[in-house]
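# Chains, contacts and geometry: an overview
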Amino acid sequence: MSDVEIVFYINEPCHAHQDKVAANRLTLDILNFIFEISERHPGRHDAERAQFLELREMLKPRAVILLEELEAGLGELYRNVVASFMVRLSAAVAALNIAEKSARLGFIDRLERTTVLMFIDDDIHLQNRDSLLSACNHIQEKNGVALGNVTLTNVCSSSSSMDAVLCWLMRVFFVVKKELNMCILTPRAASLKIIITRPQL
Amino acid sequence: MPIRSTLRKLRRGKEIVWLDVKTNIEEEDYPSNANMVKGLREYFEGTGDESALDIFEALLPQLTCKTKRCRQKEVKDLLQLLKAKDRLRIAKQCQKMLKSKGVGCLTCWVSILINTARILEPATIRLERASLQIFRILGRRIVLLFGLEPFVPSIAGFLCRPSQQGGHIG
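Residue numbers here run from 1 along each chain, matching the order of that chain's written sequence. Labels follow written order: the first chain is A, the first ligand is 1, and so on. For this predicted model, a pLDDT threshold of at least 70 governs which residues receive local features, and a threshold of 80 or more governs which side-chain atom pairs are given and counted, while totals over whole chains, interfaces and linings are taken from all residues.

### Comments concerning unusual backbone geometry
Phi at A:Glu36 is positive, roughly 60°, even though this residue is not glycine. Following the sequence through the fold, A:Glu36 ends up in the loop between α1 (18–34) and α2 (46–58). For B:Lys85, which is not a glycine, the phi torsion comes out positive at approximately 55°. Numbering of helices and strands runs from the N terminus; a helix is a DSSP stretch of H or I covering at least four residues, while a strand is a stretch of E covering at least two. Its location among the elements puts B:Lys85 in the loop between α4 (72–84) and α5 (87–99).

Encoded structure:
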């Protein structure tokens, strides 16, 4: 893919536990190093340092790393990302100074169709490595959308004796929500055009 | 446009591509599925209230017979078990729900029967006409007993050997 940008959102609630705050800061440092935003090496020992350097060489896309409080969770994230892309789209059009209205509209339409937004949580494991790429092609060629077919493997609560029943309950919840087409879980992907014209997706 | 009809249209056009993924949930505080897990866990432990069950209660109005699989009864049964905090039966009910293709309510069954009758009606009429035609040729009268398949071989046997069986049907 020619132009990929990864936006990392680290959601940190106001009164997060100090362990979580520490974990978030470490994640932030690692991502900043890997994507060459910072030169400060977060590795604590040689093996880690080597691993981060290898990732730095391997991963070349541009990245934006944000640590924010998203009170409304995933819904707020969708809203923020789409709003941000709308502003960028508007800026890109303004920068070109296209006088003719139809040409301007054509340019906007092309940008909307070719920009694919893909949302994915860090705890989502793809079953097929190539699926994201093929989903992206599908979206651009057929103007479609990509949705996750989620299988819940386990639940980890603070009371391990309840994990099994909680897992069954959440599985049922996901299945019924999927049958109702009400599931908002990631991965979700669509072109900016679809997101603007059919925001209900 | 409502989300369901939009998704239906997308599905018809095969515009949706499904990505197979696996995930796990770790209990968390902020709004997410992980927070629902926390609510349910606290409810089972007795430290939380029944609002944890709202995630299932909220599904009920959506579970109409128009959906692909009517889950209304199943979710109602699950809610009852959740209110009784019967964890073993909750797990069994969940397993049953995941295996099942959806249990139809009375309205569902009626609509299934009506739709089946609509599909079968032309075939039934054709079958009836054909049977009457055959019977006219054989010079006998017959009352077709639909839904009594076990009797069909005996009726056929009777038709084929009228002299041995003797008499008329009906």
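### Overview of the interface of chain B and chain A
Contact between two residues is assigned whenever their backbone-derived C-beta positions fall within 7 Å. Between chain B and chain A, the residue contacts involve 43 residues of the former and 51 residues of the latter. Broken down by secondary-structure element, the contributors of at least two residues to the side of chain B that touches chain A are α1 (3–12), β1 (16–26), α2 (33–45) and α5 of chain B. Classifying every residue of the side of chain B that touches chain A by side-chain character gives 22 nonpolar, 8 polar and 13 charged. As judged from the 11 bridges shared by strand β5 (residues 145–156) of chain A and β1(B), these two strands associate in the parallel manner. Bridge pairing in β1(B) places A:Val145 opposite B:Ile16. Three residue categories are used. Nonpolar comprises Ala, Val, Leu, Ile, Met, Phe, Trp, Tyr, Cys and Pro, charged comprises Asp, Glu, Lys and Arg, and polar comprises the others, including Gly. At least two DSSP bridges between two strands are required for those strands to pair.

### A few points about the nonpolar core
For soluble globular proteins, nonpolar side chains are generally found buried alongside one another. Here, a nonpolar core means buried Ala, Val, Leu, Ile, Met, Phe, Trp, Tyr and Cys residues linked by C-beta atoms lying within 7 Å of one another. Put simply, a residue is buried when 20 or more other C-beta atoms lie within 10 Å of its own C-beta and exposed when 12 or fewer do; between those, it is partly exposed, and each C-beta is set from the backbone. Counting 41 residues, the largest nonpolar core has A:Leu169, A:Met170 and B:Val37 as its most contacted members. If we skip the residues at most four places from it in the chain, A:Met170 touches A:Leu152, A:Val155, B:Ile25, B:Asn33 and B:Val37.

### Description of the confidence of the model for chain B
Close inspection of predicted coordinates is inappropriate in any region flagged by low pLDDT. Residues and elements named next belong to chain B. Predictor confidence is given residue by residue as pLDDT, running from a minimum of 0 to a maximum of 100. Of the residues in chain B, 48% reach a pLDDT of 70 or more, and the chain-wide mean stands at 70. Predicted confidence in chain B is weakest over helix α8 (residues 162–165), with a mean pLDDT of 44, and strongest over α4, with 91. This model gives residues 141–151 a pLDDT under 50, and the stretch forms 12 contacts once residues within four places in sequence are excluded. This model gives residues 162–170 a pLDDT under 50, and the stretch forms 11 contacts once residues within four places in sequence are excluded. At the level of chain-chain contacts, confidence expressed as ipTM amounts to 0.79, with global pTM at 0.67.

### A few points about the packing of helix α3 (residues 74–96) of chain A against helix α4 (residues 101–114) of chain A
Residues and elements named next belong to chain A. A fitted line through C-alpha atoms represents every axis, and for helices the fit uses only the stretch in contact; the resulting angles, taken between N-to-C directions, go from 0 to 180 degrees. Between α3 and α4, the least distance of the axes is 11 Å, while the angle of their chain directions is 140°. Considering only the axes of α3 and α4, their crossing is right-handed. Within the contact between the two elements, α3 uses Leu89, Ala92, Val93 and Leu96 and α4 uses Arg104, Phe107, Ile108 and Leu111. Crossings are classed by handedness, with left-handed meaning an anticlockwise turn of the near helix from the far one by less than a right angle and right-handed meaning a clockwise turn.

### Considering the sheet that holds β5(A)
A sheet is described by the order of its strands in space; here 5 strands give the open sequence β3(A)-β6(A)-β5(A)-β1(B)-β4(A), paired in mixed fashion. The sheet terminates laterally at β3 (116–119) and β4 (124–126) of chain A, the two strands that pair on one side only. Adjacent strand axes in the sheet meet at a mean angle of 20°, parallel and antiparallel pairs treated alike. Direction of pairing for β3(A) relative to strand β6 (residues 188–191) of chain A: antiparallel, over a ladder of 4 bridges. Along β6(A), the bridge assignment pairs A:Leu117 with A:Ala190. Here helix α6 (residues 163–179) of chain A sits on the sheet in contact with β5 of chain A together with β1 of chain B, set at roughly 165° to β5(A).

### Here we look at the packing of α4(B) against α5(B)
Residue and element names in this part refer to chain B. In the contact formed by α4 and α5, the axes pass within 9 Å of each other and the chain directions differ by 165°. Comparing their axes, α5 and α4 come out roughly antiparallel. For the pair α4 and α5, the sense of crossing is left-handed. Facing Glu74, Asp77, Leu78, Leu81 and Leu82 of α4, the residues of α5 in contact are Arg89, Ile90, Gln93 and Met97. An angle below 35 degrees is treated as roughly parallel, one above 145 as roughly antiparallel, one from 65 to 115 as roughly perpendicular, and anything else as oblique.

### A few points about the environment of A:Ala189
Residue and element names in this part refer to chain A. Within the secondary structure layout, Ala189 lies in strand β6. A sequence separation of 42 residues divides Ala189 from Leu147, and the C-alpha atoms of the two residues are 6.6 Å apart. Here Ala189 is in contact with Val116, Leu117, Met118, Ala135, Cys136, Ile139, Val145 and Ala146, once residues within four sequence places are set aside.

### Description of α4(B)
Residues and elements named next belong to chain B. Relative to the 18 Å expected for 13 residues at 1.5 Å per residue, α4 spans 19 Å between its end C-alpha atoms, a close match to the ideal helical length. All of the buried residues along α4 are Gln72, Glu74, Val75, Leu78 and Leu82. Taken down its axis, α4 places every buried residue within 160° of arc, on the same side. In α4, those exposed residues whose orientation departs by more than 90 degrees from the buried face are Lys83 and Ala84. Two residues or fewer past α4, Lys85 is found with a positive phi of approximately 55°. Helices are assigned an expected span. That span is 1.5 Å times one less than the residue count. Comment: arc refers to directions from the helix axis out to C-beta atoms.

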